[in-house]
Amino acid sequence: MGLFDRISRVVRANLNDIVNKAEDPEKILEQSMTDMQEDLVQLRQAVAAAIATQKRTQTQYNQAESQSNQWQQRAQLALQKGDEALAREALVRKKSHAETAATLKASLEQQSTQVESLRRNLIGLESKISEAKTKKDMLKARISAAKAQEQLNNTIGSLNTGSSMAAFDRMEEKVLQIEARAGASAELAAGGSNLEEQFRLLESGGGVDDELAQMKAQLAGSSVSQPQLPASGKTAANNSSESIPVIDAELEELRSQLNKM
């Protein structure tokens, strides 16, 4: 392989790579539609020109055919009048116009075939352009969806999901620890309040017992230090014996009240 061949191949490869990277599918689609529209315009112009040529040829053919028929009639008229030379000249003119008409007829048939072919090509191109427009819109929608998916994939790929999930796990563990501490504090607070309540009940119960003991002491002291009245026989004895059941009854009532508390 020659040096120039290798250089040419390298240059073409680099150019192809540059072109491939520079190609934007949406722009290429739009440019392709523009090119097809331009082709359609040119084809329509070609069809219009072919039809105009066909009509002009048809007019020339009709004129040549008419003149040929006219000189034919003139030749017959000259022959009827006995002027054979004039009839001969008329036939020469008739032959010339007949040959021109034959040539124009052949050209007209070729032009008709050409116009029909151009019309079929025009209809086919219009159909392809209409289909290309529909396909272009669909391809552009697919390009947009593919670009959005690619951007989403790049965004997801750039995220450090491992560290993020680890952070979430750590925060969940901290929340559990905070909840556990809160529950323990609630239990301790509940236990302390119960203990305070128990001591409060004991203290209140001790006050009643002290009051009862004090009352007993007062009663005992009053019975000891009570001055003895002069004996008046059975009356004093009866009063002393009657007061004891009353005190006992009051004492029993106080005990009953304490038991109910």
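Residues numbered from 1 in each chain as written. Predicted model: local features only at pLDDT ≥ 70, side-chain atom pairs only at ≥ 80, totals over all residues. Heavy atoms only, no water.

## Details of the nonpolar core
Worth spelling out the cut-off: In these notes, a set of buried Ala, Val, Leu, Ile, Met, Phe, Trp, Tyr and Cys residues joined through side-chain atoms within 4.5 Å is what counts as a nonpolar core. Under the scheme applied here, a residue whose accessible area is under 20% of the maximum for its type counts as buried, over 50% as exposed, and between as partly exposed, the area being computed with a 1.4 Å probe on protein chains only. Secondary structure elements follow DSSP: runs of H or I of four or more residues count as helices, runs of E of two or more count as strands, with numbering from the N terminus.
Counting residues in each nonpolar core, the largest one holds twelve residues, listed as Met-33, Leu-40, Leu-43, Val-47, Ala-50, Ile-51, Val-115, Leu-118, Leu-122, Leu-125, Ile-129 and Ala-132. Contributing elements (two or more residues each) for this core: helix 2 (25–80) and helix 3 (84–158).

## Describing the environment of Ala-64
Selection rule: The contact criterion used is simple: two residues touch if any of their non-hydrogen atoms lie within 4.5 Å.
With respect to the helices, strands and loops of the structure, Ala-64 is situated in helix 2. When the C-alpha positions of Ala-64 and Ser-96 are compared, they lie 8.9 Å apart, and in sequence the two are 32 residues distant. Apart from residues lying up to four places away in sequence, Ala-64 is in contact with His-97, Thr-100, Ala-101 and Leu-104.

## Remarks on the environment of Thr-103
Here Thr-103 shows up in helix 3. Note on Thr-103: relative accessible area 55%, which makes it exposed.

## What about the packing of aromatic side chains?
The line we're drawing: Only the six-membered ring of Trp is used, alongside the rings of Phe and Tyr, when aromatic pairs are assigned; centres must lie within 6.5 Å, and planes under 30 degrees apart are stacked while those over 60 apart are edge-to-face, with the rest tilted. A ring is considered to have a charge above it if a Lys NZ or an Arg CZ atom is located within 6 Å of its centre and within 35 degrees of its normal.
Scanning the entire structure with this criterion turns up zero aromatic pairs. Taking NZ or CZ as reference, Arg-74 lies 4.5 Å from the ring centre of Trp-71, over its face.

## Focus on the pattern of salt bridges
Threshold: Just to be clear on terms, a salt bridge is a Lys or Arg side-chain nitrogen sitting within 4 Å of an Asp or Glu carboxyl oxygen.
Tallying each qualifying case throughout the model produces four salt bridges. With its nearest N and O atoms 3.9 Å apart, the salt bridge here joins Arg-88 to Glu-84. Of the two residues, Arg-88 and Glu-84 both sit in helix 3, four residues apart, roughly one turn of that helix. Across the pair, Glu-84 and Arg-88 agree in class, each one exposed. Note that Glu-89 and Arg-93 form a salt bridge whose closest N and O atoms lie 3.8 Å from each other. Remark: Arg-93 and Glu-89 occur in helix 3; sequence separation between them is four residues, near one turn of the helix. Taking relative accessible area as the criterion, Arg-93 reaches 39% and is therefore assigned partly exposed.

## Topic: the side chain of Thr-57
Tracing the backbone through its elements, the reader meets Thr-57 in helix 2. Residue class for Thr-57 comes out buried when judged on its relative accessible area of 6%. Those residues in contact with Thr-57 that lie beyond four places of it in its chain are Leu-104, Ser-107, Leu-108 and Gln-111.

## Digging into the confidence of the model for the protein chain
Definition in use: The predictor rates its confidence in each residue with pLDDT, a number between 0 and 100.
Per-residue confidence for the protein chain averages 76 on the pLDDT scale, and 67% of its residues sit at or above 70. At the level of individual helices and strands, the protein chain shows its lowest average pLDDT in helix 5 (residues 234–260), which scores 60, and its highest in helix 2, which scores 89. Within the model, the stretch residues 224–242 combines pLDDT values under 50 with zero contacts to residues more than four positions away or in other chains.

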